[in-house]
There are 2 protein chains.
Amino acid sequence: MATRRAGWVAHPDGLNPIAVLTAHFPAHWLGASPKNVREWLERARADILFEASSLDAKTGQPAIDHLKAALELGAHAITANKGPIVHAYAELTALAHEKGRKLMHEATVMDGAPIFSLFPMGLPATDLRGFCGVLNSTTNVVLTEIEKGRSLEEALRRAQAIGVAETDPSADLDGWDAAVKVAALTIVLMGVPIQLDQVKRTGIRELSEEKIRSVRAAGMRYKLVCLAERRGDTADCTVQPELLLASDPLANLEGTSSAIRFDLDVFSLSLVEHNPGIEATAYGMLADFVRAVQS
Amino acid sequence: MATRRAGWVAHPDGLNPIAVLTAHFPAHWLGASPKNVREWLERARADILFEASSLDAKTGQPAIDHLKAALELGAHAITANKGPIVHAYAELTALAHEKGRKLMHEATVMDGAPIFSLFPMGLPATDLRGFCGVLNSTTNVVLTEIEKGRSLEEALRRAQAIGVAETDPSADLDGWDAAVKVAALTIVLMGVPIQLDQVKRTGIRELSEEKIRSVRAAGMRYKLVCLAERRGDTADCTVQPELLLASDPLANLEGTSSAIRFDLDVFSLSLVEHNPGIEATAYGMLADFVRAVQS
């Protein structure tokens, strides 16, 4: 275990969970501070790394280095970080393949809802032509609060209070978080190695509070919509506020709910995750653990 | 291949797909008519049986006998029939396990959408507390057509014309099809061996056309809703018409679309299949084939 509060904690025989929960760490668990994540993983003799460090979405670091270290040392690498998927997917999957280990990342989009793990066994022999979704919880909460009469600042504080907003509000409000998710889905599920700067991106700051409330009164809603559409060998990817009719399944999302519609050659299929809490992300990593050791 | 039109067709070296598509069967494919499905499967040296015979949902026959014959002869058994799941699931899965073969049935609920195959790898280590869905296409089409001003008889003819209505309209209108689906989901996904007659069932015949249209004008809709809720070792299962608000994701289903919300301990997750055609059922069986031979 390595966290900002606890520092580096490791023992080759494993850690007592009660001691971990009470943050009581015997001295022999701590030892000399390791030089880097690799040395710490070696000391722990890790079989699996759960990687949930703070992310720079524009570079994917330091998560990429953590995941590489785990795979190189023969551990499965499970991440809740989207950055490594967008910036180093080909390299990391090749490394995982070479080492006979798994790179798993279900918690990166829609928390623990099975998005990436839906495809290999749930939708074999299909062609994914595109997708459309509402994937950023913060803008969803913010738009809902503004509809109720709050200001942008009050709405953002509410999103921070329930623990969904990123530390830097521009990651959410300017559509960066959504753009990284669109890129990750496009790279993994459509097999198109798109770059983050190829995602056309418009955030929600340009929408006036009055406009958001007036369309709501008329039975419509603004949502920050994520879109991808296959174009030959590449894909058109967009994040932008869209005005949706009340009958649109994406319009009825409240709070932290998110949804995605996959347009396949055989049919279109939507998944909706209803008002998850932060334990849903933890569940995504737990589910990856089960998948890594069972398959 | 065995169909009403073609009769029993089999050859140990396999069938030429062009000949099958043009219904031109060389004499040596036909041979003497086999006494039963078992003799035909032996002659074909089948690795997999795709079972899509006409169903008696109240007994599960003759589908159960077909699937047993396939498994006993060492073939994977893939069915689009719900009856065998409701009436013989424990027996068939035990037989499949004993023979090291797969019993698969994804096409029985929501066509090819991954419902049954979602759980083992997509949602490991979860507790399914209940579910709620709109799972019968015919009543969905019929209610939509009545909302538009058509009579029950006209609406039913429309559902038959697009190929979704069962031969016997009471299977749909009286909620039998939906009840069999609720029972199949409860047995497989909740592990509760419920009997078909334990599903409380009310169809849509008692709803007057005027009532259906007047609630629609008021922004609400009737849908035939399928419900299951865990109660200790058993489950409460219901099929009944429910009045839904327009903002309810289940209310916005049109045509052949269907949807289900799974209430798990970690979160609630909905799946919506948008307006599938009959090829979606065929896809469900194809996907089972891929899963059977890949895993």
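Residues numbered from 1 in each chain as written. Chains lettered and ligands numbered in written order. Predicted model: local features only at pLDDT ≥ 70, side-chain atom pairs only at ≥ 80, totals over all residues. Heavy atoms only, no water.

Novice: So what exactly am I meant to see when it comes to the environment of Ala183(A) here?
Specialist: Residues and elements named next belong to chain A. Tracing the sequence through the fold places Ala183 in helix H10 (residues 176-189). A residue is classified by how much of its surface remains accessible, and Ala183, at 0% relative accessible area, is buried. In sequence terms Ala183 and Phe262 are 79 residues apart; their C-alpha atoms lie 15 Å from each other. With residues near it in sequence (within four places) discarded, Ala183 still touches Val86, Ile194 and Val199. (Helix = DSSP H or I, 4+ residues; strand = E, 2+ residues; numbered from the N terminus. Buried < 20%, exposed > 50% of the residue type's maximum accessible area, 1.4 Å probe, protein only. Contact = heavy atoms within 4.5 Å.)

Novice: Can you help me understand the interface of chain A and chain B in this one?
Specialist: As a measure of interface size, the accessible area lost when the parts come together is often cited. Residue-level contacts link 34 residues of chain A with 32 residues of chain B. Of the roughly 2800 Å² buried where chain A meets chain B, counting both sides, 69% is carbon and sulfur surface. Across the chain A-chain B interface, the total number found is 0 salt bridges. Listing elements by their share of the side of chain A that touches chain B, those giving two or more residues are helix H6 (118-122), strand S11 (268-274) and helix H12 (279-294) of chain A. Ranked by the residues each element gives to the side of chain A that touches chain B, the list is headed by H12(A), at 8 residues. Counted by class, the side of chain A that touches chain B contains 19 nonpolar, 11 polar and 4 charged residues. (Buried area = accessible area lost by both parts, 1.4 Å probe. Salt bridge = Lys/Arg side-chain N within 4 Å of Asp/Glu carboxyl O. Nonpolar A, V, L, I, M, F, W, Y, C, P; charged D, E, K, R; others polar.)

Novice: What should I look at first to understand unusual backbone geometry in this one?
Specialist: Across the chain, the bulk of peptide bonds are trans and the bulk of non-glycine residues have phi less than zero. A cis amide bond links Gln61(A) to the next residue, Pro62(A), at an omega of 0 degrees. Assignment of secondary structure puts Pro62(A) in the loop between strand S3 (48-51) and helix H4 (63-72). Of note in the backbone geometry, Ala23(B) takes a positive phi value of approximately 55 degrees without being a glycine. Relative to the helices and strands, Ala23(B) is located in the loop between helix H1 (17-21) and helix H2 (27-30). In this structure Ala23(B) comes out as exposed when scored by relative accessible area, which is 52%.

Novice: Any chance you could explain the sheet that holds strand S6 (residues 128-134) of chain A here in plain terms?
Specialist: Strand-to-strand pairing in sheets goes through backbone hydrogen bonds, with the strands running parallel or antiparallel. The strand order S7(A)-S9(A)-S8(A)-S6(A)-S10(A)-S11(A)-S11(B)-S10(B)-S6(B)-S8(B)-S9(B)-S7(B) describes an open sheet built from 12 strands, whose pairing is mixed. The two strands at the open ends of the sheet, each matched to only one other strand, are strand S7 (200-201) of chain A together with strand S7 (200-201) of chain B. Taken together, the 2 bridges between S7(B) and strand S9 (residues 234-245) of chain B define a ladder with parallel strand orientation. Within S9(B), the position partnered with Lys200(B) by the bridge is Thr238(B). Lying over the sheet, helix H7 (residues 137-147) of chain A contacts S6 and strand S8 (220-231) of chain A, oriented at roughly 150 degrees with respect to S8(A). (Pairing = 2+ DSSP bridges. Axes fitted to C-alpha atoms, helices over the stretch in contact; angles between N-to-C directions.)

Novice: Would you take a moment to explain the relation of the copies chain A and chain B for this structure?
Specialist: The operation linking the two copies of the chain is a rotation about an axis combined with a translation along the axis. With an RMSD of 0.0 Å, the fit of chain A onto chain B corresponds to turning through 180 degrees and sliding 0.0 Å along the axis. Taken together, these values place the two copies in the relation of a two-fold axis. Judged by C-alpha distance, Leu271(A) is the residue of chain A that lies nearest the rotation axis, at 2.4 Å. With an isologous cut-off of 70% or more, the 94% of interface residues of chain A that recur at the interface of chain B puts this contact in the isologous class. (Least-squares fit on C-alpha atoms with pLDDT ≥ 70 in both.)

Novice: Looking at this model, I keep getting lost on the packing of helix H4 (residues 63-72) of chain B against helix H5 (residues 83-99) of chain B. Mind explaining?
Specialist: Between two packed helices, the angle of one axis relative to the other and the distance separating the axes together describe the packing. Residue and element names in this part refer to chain B. It is the contact of H4 with H5, at a shortest axis distance of 10 Å, that shows an interaxial angle of 5 degrees. With respect to each other, H4 and H5 are oriented roughly parallel. In contact with Ala63, Ile64, Leu67, Lys68, Leu71 and Glu72 of H4, H5 contributes Pro84, His87, Ala88, Glu91, Leu92, Leu95, Ala96 and Lys99. Residues that form the contact of H4 with H5 fall into these classes: 9 nonpolar, 1 polar and 4 charged. (Parallel < 35°, antiparallel > 145°, perpendicular 65-115°, else oblique.)

Purely geometric numbers; function is a separate question.
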